[in-house]
Amino acid sequence: MPFRIMFVALLFMIPMIPTFWALIDIPKRQFPQWKSKVIWFAIVSTVPFAGAMLYILFIRRHTQPKPRLEPSTPREEEIRTDA
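**Q** What exactly am I supposed to notice about the environment of proline 48 here?
**A** By secondary structure assignment, the location of proline 48 is in helix 4 (residues 48-59). Each C-alpha atom of the pair proline 48 and isoleucine 17 lies 9.7 Å from the other, and the pair is 31 residues apart in sequence.

**Q** So what exactly am I meant to see when it comes to the side chain of arginine 29 here?
**A** Along the chain, arginine 29 falls in strand 1 (residues 29-30). Summary of buried charges: arginine 29 has no salt-bridge partner, and the nearest side chain of opposite charge, aspartate 25, is 4.1 Å away. Here threonine 63 takes part through its side chain, which lies 3.0 Å from a polar atom of the side chain of arginine 29. With residues near it in sequence (within four places) discarded, arginine 29 still touches Lys37, Tyr55, Arg60, Thr63, Gln64, Pro65 and Lys66.

**Q** Is there a simple way to think about the packing of aromatic side chains in this case?
**A** Aromatic ring pairs are described here by two measures, namely the spacing of the ring centres and the angle between the planes. As enumerated under the stated definition, the model contains two aromatic pairs in all. Geometrically, the ring pair formed by phenylalanine 31 and tyrosine 55 is stacked, given 6.4 Å between the ring centres and 25° between the ring planes. Residue phenylalanine 31 is located in the loop between strand 1 and helix 3 (34-46), and its partner tyrosine 55 is located in helix 4; the two are separated by 24 residues in the primary sequence. Of the residues examined, phenylalanine 31 reaches a relative accessible area of 12% and is grouped as buried. Under the relative-accessibility criterion, tyrosine 55 is labelled buried at 0%. Their ring planes at 50° and their centres at 6.3 Å tell us that tryptophan 40 and tyrosine 55 sit as a pair that is tilted. Here tryptophan 40, found in helix 3, pairs with tyrosine 55, found in helix 4; they are 15 residues apart in sequence, far enough to count as distant. We classify tryptophan 40 as buried; its relative accessible area is 16%. Among the aromatic residues, those joined into a ring-pair cluster are Phe31, Trp40 and Tyr55.

**Q** Quick question: what am I supposed to make of the nonpolar core here?
**A** Counting nine residues, the largest nonpolar core consists of Ala22, Ile26, Phe31, Trp40, Val44, Ala52, Tyr55, Ile56 and Ile59. When residues of this core are traced back to their parent elements, those giving at least two are helix 3 and helix 4. Per element, the largest residue contribution to this core is four residues, and it comes from helix 4. Sequence-distant contacts of alanine 22, that is, excluding residues within four places in its chain, are made with Val44, Ala52 and Tyr55.

Quick notes on the rules
- Residues numbered from 1 in each chain as written.
- Predicted model: local features only at pLDDT ≥ 70, side-chain atom pairs only at ≥ 80, totals over all residues.
- Heavy atoms only, no water.
- Helix = DSSP H or I, 4+ residues; strand = E, 2+ residues; numbered from the N terminus.
- Buried < 20%, exposed > 50% of the residue type's maximum accessible area, 1.4 Å probe, protein only.
- Lys, Arg positive; Asp, Glu negative; His and termini not counted.
- Salt bridge = Lys/Arg side-chain N within 4 Å of Asp/Glu carboxyl O.
- Polar contact = N/O pair within 3.5 Å; in protein donor to acceptor, adjacent residues only side chain to side chain.
- Contact = heavy atoms within 4.5 Å.
- Phe/Tyr/Trp six-rings, centres within 6.5 Å; stacked < 30°, edge-to-face > 60°.
- Core = buried A, V, L, I, M, F, W, Y, C linked by side-chain atoms within 4.5 Å.

What follows is the structure, encoded as structure tokens:
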């Protein structure tokens, strides 16, 4: 009996992995228009597994990751050595 419960729970959890990945990935990507980002977020949210798979397979490759903001390090000439 516990094996059956774990199997059913696993069967329902596995399709949620691409959904959570897509929901985390969509805000981190640059889309051509902000409307398309909102639309894909809504699609993945309302049609979990199918929407996530469509996004991952067809849309994600056409987007770019957002540039990361690197902490600025002072250049050599900006560092004052005389105190």
